[in-house]
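Listed below are the residues making up each chain.
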Amino acid sequence: VGGGGGGGWFFVFVLVCLVWLCCLVVGCVCCVFELVLVVVLLVFCGLGAVEERVLLLASQLRIAVQERGHSVVSLPEISGMSGITCVSVPDANGFQEYAKARGIHVRARPGTRSRQGAVRVSPHVFNDDSDIDNLVEALDAYRDLVSAS
């Protein structure tokens, strides 16, 4: 599986980054422009292609996490229908901060479907294999850190 999905995804990523930068500089006036651009990009790339890419990344994430001994606590019946994956961690809030310091964005879900809590991971079209690898490495390192203390 290739990282990034080819040149078309890079084009989409660059456009979204430019729109985001424009919103930061100009302010709320760009929000309407951003919404229009996102709709145009979805039409250009195709909703099916976006959905396929997100589901592929989520599947790769679930496999990689489980291969390294981490528990996926997402509902199994929706695992093939959603890009969202919840992973059990010893301290969800602690891992959220740990990951954030490494440029990885997850959302803590304390007490979600496990006593310890979980983090919500939502890959999207701009993510690639290296993002999944970085997350799994961070999960491994955090697990080692927590078990050592």
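Refer to the structure above for everything that follows.
Report follows, based on the coordinates.

1. Some points on the sheet that holds strand β1 (residues 85–88)
Two modes of strand pairing occur in sheets, parallel and antiparallel, and in both the strands are linked by backbone hydrogen bonds.
Inference 1: The strand order across the open sheet formed by three strands is β1-β3-β2, and the pairing between neighbours is antiparallel. Of all strands in the sheet, those bounded by a partner on one side alone are β1 and β2 (107–109). Averaged over all pairs of adjacent strands, the angle between their axes in this sheet comes to 35°, without regard to strand direction.
Inference 2: In this sheet, strand β3 (residues 118–121) lies alongside β2 in antiparallel orientation, the contact comprising three bridges. The partner of R107 across the bridge, within β3, is R120.

2. Details of the nonpolar core
Inference 1: Judged by nonpolar contacts, the single largest core of 22 residues is most densely connected at V65, F95, V106, V119, L135 and L139.
Inference 2: Secondary-structure elements contributing two or more residues to this core are α3 (47–67), α4 (92–100), β3 and α5 (129–148).
Inference 3: Setting aside anything within four residues of it in sequence, one finds V119 in contact with T85, C86, V87, V89, A92, F95, V106, R107, A108 and R109.

3. Considering the pattern of salt bridges
Inference 1: Applying the stated rule across the entire model yields two salt bridges.
Inference 2: Between R68 and D140 there is a salt bridge, with the nearest N and O atoms lying 2.4 Å from each other. On the criterion of sequence distance, the pair formed by R68 in the loop between α3 and β1 and D140 in helix α5 is long-range, its members being 72 residues apart.
Inference 3: Overall, D140 belongs to the buried group, its relative accessible area being 11%.
Inference 4: The salt bridge involving D140 is made with R143; its shortest N-O contact spans 3.2 Å. Taken together, the residues D140 and R143, both in helix α5 and three residues apart, mark about one turn of the helix.
Inference 5: Members of the salt-bridge network, linked through shared partners, are R68, D140 and R143.

4. Brief notes about α4
Inference 1: Turning to α4, its buried residues number three or more, namely A92, F95, Y98 and A99. The buried residues of α4 occupy an angular sector of 120° when projected down its axis, which confines them to one face.
Inference 2: Tucked into the core, α4 has its buried residues touching β2, β3 and α5.

About the criteria used
Residues numbered from 1 in each chain as written. Predicted model: local features only at pLDDT ≥ 70, side-chain atom pairs only at ≥ 80, totals over all residues. Heavy atoms only, no water. Pairing = 2+ DSSP bridges. Helix = DSSP H or I, 4+ residues; strand = E, 2+ residues; numbered from the N terminus. Axes fitted to C-alpha atoms, helices over the stretch in contact; angles between N-to-C directions. Core = buried A, V, L, I, M, F, W, Y, C linked by side-chain atoms within 4.5 Å. Buried < 20%, exposed > 50% of the residue type's maximum accessible area, 1.4 Å probe, protein only. Contact = heavy atoms within 4.5 Å. Salt bridge = Lys/Arg side-chain N within 4 Å of Asp/Glu carboxyl O. Arc of directions from axis to C-beta.

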